[in-house]
Each structure stands twice: as C-alpha cells, then as structure tokens.
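Now for the letters of each chain:
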Amino acid sequence: MSALRITTASAARMLRTSNAMMPSVMGAAQRRALSDSAEPARVPSVESARVPEKLAKEDSPLATPKRNSPDYNVPIDKATSTWTPVPKHIQNGSEEGILSAAVVSGAPMELQARTVRIFLPSKPATQSSNSRVLWRMDWDVLEKGHRWENELMGWQSSGDFVQGTHLTFRTKEEAIQFAEKQGYEYFVQEPNQRHFTPKAYANNFLYSPKKLKIVRTK
Amino acid sequence: MPITPTKYAITTRQSANWSDAKRRVFALYRRWLRSTPEMQSMYSLPLPISVIRTRIRQEFERNRFVNKLPVVDVLLTKGHADYQETMNFWRQTTHMMSYFNEESFRGAKRLPSSFIDGFLQGRN
C-alpha cells in the first residue's frame, strides 16, 4: 500500500503543517460537457493553487495529483467485485475545498470508480409540458457484469447494484457539488435547446420578381 | 440482561484540536488491539492474532491522510461504534472474515494489476 511508504517523521510533520502550506489537492473528476453548448469546462479554484517548491513530490503525500488514468494500486474493500472498474482517484480525506464524504460515508470504493452522468432529462413526448424540472444523476453502465442471462429462468441478472437507480437535484450546481463531495467521476451533459423557426403564413404570398422563395418551415 | 446494549458505547464528541484527536485515535487503536484475542475467540476466526491486528492497523492507515478535524471526529465515532458492535457480539463470523482477502473470490486480485491484465480479462 502506498500509504505505508511514509515514515513516522513525515507523518508527524504532515500533521503539524498548517493548511496554508499544504499543496492543493484535486478531486480528480473528469469534466466534459457533452453538447454544442459554448459553456467552457468548469475549472475548480483549487486547481490554480501552487505547490510549494521546497516540498518535493515524494515528501508531500497529501498532494494527490489529478489523474486521468486508472490507478491500479488502490486498496480494495470488501465490496469490490470482479466487475468493479479500476478507479482513477480514491478520496483519502485530504481534498481541499470539499467535504470528503466518501471517506466517512462507508460507501464502497467502487462508487468512486464508476462514472456518473449529470443531465437534464428531455421533455416527454407524451405531454406538452415545457418546464424541465429536475437534474438527474445516473451511473454509467458497467463494462462487464452489467447484465447476463440467469441460468435458472433466463431472467436478467446483474452485478451492478446501482443498475436502474438515479438521483435527482434541483440545480446542476447541486448535482456537481454532490458528485465532487462523494468522489464520483462525473461529467455534465448540457440539455439540448428546442429550435423554433418564426413563421408567418403571409410569407407564402410574398411577391418575388425571380423564382418564388421557398420558406423553410422546419 | 446478559448484554447491556450501552456497553462499550462512547458519547460522540468533537476533538478540541489535533493533539486531542491524535490522543483519541490512539486510544481507539489500543482498544481494538487489546480486544483482538477476545474477538478471535468470540467469532472463531481461523487467523493468528497478529494477522487480525495487522488488518486493524491497515484500516487505520487507510485514513492517515485526513487533514480535517470534523472528518476525523466522524471516523472516530464510527470506529467506536464498530468496536461496540463487535464486542457486543452483534456481528457474525462472516462479517469479520469479510475483512480478509482470502475469503473473497479472487482474493486481493479483484482488480487487474495493469492495463494488459485488465484487457486480457475482458474489461473494456
């Protein structure tokens, strides 16, 4: 375990160091906006904090670098199964700016390995409601173990305990805060905007010296 | 009553500062270590006491890098609650054994050790 690499002396120094000296820690969630929205990717304020020069990388075990690749050395817990994806970053309580809920909640480590999608569900085609009510947080499907046919009856078995579950939030920011707090890898999918072309029936009868215009209605 | 429900119960409290928290963590750690022989006999664990103590140490080490006092307080509360549950025999052998890797299918190798290993397992 990488946790046991540090010595007692460095651990004591760690505890004595004030917060201002500690290098900032990234909650390593990947943020990709999945649409043609022009909103730039949200950059957390802690990302711009500087690492003090005198603390080399090996000396600052609190500096958890932002990872984009799977971390194969994470300690597993009893809920880890053969279906669990390899996590990129596991919260260890030293994250700055957020409450490390994953450390105290007792939730399985697997949840920090699973990607989560935050989106606004589209308007149902069966109703004319124009209001979009709640943001939803949904777990991505497992690569393996998502679903297989049960030998007994041919029913669908799954190794995924969050299969078919979702969370709802009133705003996008609340959902993002929750995902960061719990250490989930998340991405935000912006809702599609409804197009509307202004049309006037009178435009069908406009005079044109050349060929008649075709007014696209869609 | 043979078992008093409030036996081993500790009232929740907030640590005044880091040295207070450190003292409480060590006290909890000692509690767990001193009761390991009793746990081994209660739950009939087929493991030497040293292995159980190493596992307890590993659980404490997992939270070594916490740098917020409230988080430490919550972890202490949970640690004391777990101790109470264990010593009051509210758990079963299976709950204790689930902390040890050899009891799980594939043991400690439930995650692949590298990309190639995962690829050959069929994880995409």
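Structure first, text after, so check above.
Parameters at a glance
- Residues numbered from 1 in each chain as written.
- Chains lettered and ligands numbered in written order.
- Predicted model: local features only at pLDDT ≥ 70, side-chain atom pairs only at ≥ 80, totals over all residues.
- Heavy atoms only, no water.
- Helix = DSSP H or I, 4+ residues; strand = E, 2+ residues; numbered from the N terminus.
- Buried < 20%, exposed > 50% of the residue type's maximum accessible area, 1.4 Å probe, protein only.
- Contact = heavy atoms within 4.5 Å.
- Areas by Shrake-Rupley, 256 points an atom, 1.4 Å probe, with all protein chains shown as cover.
- Rg over C-alpha atoms; globule rule 2.2 N^0.38 Å.
- Lys, Arg positive; Asp, Glu negative; His and termini not counted.
- Charge placed at Lys NZ, Arg CZ, Asp CG, Glu CD.
- Buried area = accessible area lost by both parts, 1.4 Å probe.
- Salt bridge = Lys/Arg side-chain N within 4 Å of Asp/Glu carboxyl O.
- Polar contact = N/O pair within 3.5 Å; in protein donor to acceptor, adjacent residues only side chain to side chain.
- Nonpolar A, V, L, I, M, F, W, Y, C, P; charged D, E, K, R; others polar.

**Student:** Where do I start with the overall build of chain A in this structure?
**Tutor:** A count of helices and strands for chain A gives four helices and six strands. For chain A, the N- to C-terminal ordering of α and β elements is α-α-α-β-β-β-β-β-α-β. For chain A, buried positions account for 34% of its 218 residues. Counted over contacts in chain A with a minimum sequence separation of 6, partners at least 24 positions apart contribute 63%. As displayed, chain A has an accessible area near 14,300 Å², and 53% of this comes from carbon and sulfur atoms.

**Student:** I would appreciate a short explanation of the overall build of chain B in the present structure.
**Tutor:** Each helix and strand in chain B was counted, giving six helices and zero strands. The C-alpha radius of gyration of chain B comes to 18 Å, more than 25% above the 14 Å expected for a compact globule of 124 residues. In terms of principal-axis extent, the alpha carbons of chain B reach across some 50 × 35 × 25 Å. Counting across all 124 residues of chain B, residues that qualify as buried make up 36%. Long-range contacts, defined here as pairs at least 24 residues apart, represent 64% of the contacts in chain B between residues at least 6 apart. Entry remark: accessible area of chain B is about 7,400 Å², with carbon and sulfur atoms responsible for 59%. Positive and negative side-chain charges of chain B, numbering 20 and 10 respectively, have mean locations separated by a distance of 4 Å.

**Student:** Help me out: how do you make sense of the interface of chain B and chain A in this one?
**Tutor:** Where the parts come together, the accessible area they lose is often given as the size of the interface. Chain B puts 31 residues into the contact, and the matching count from chain A is 39 residues. Where chain B abuts chain A, roughly 2,900 Å² becomes buried across the two surfaces, and 60% of that area is made up of carbon and sulfur atoms. Summed over the three residues of chain B that lose the most area to chain A, namely B:Phe65, B:Arg110 and B:Leu111, the buried surface amounts to 26% of that side. Summed over the shared surface of chain B and chain A, the number is zero salt bridges. At the junction of chain B and chain A, the tally comes to 13 residue pairs in polar contact (both at pLDDT 80 or more). Sorting the residues of the side of chain B that touches chain A by element identifies α3 (49-62), α4 (69-87) and α6 (115-121) of chain B as the ones contributing at least two each. Grouping the constituent residues of the side of chain B that touches chain A by class yields 12 nonpolar, 11 polar and eight charged.

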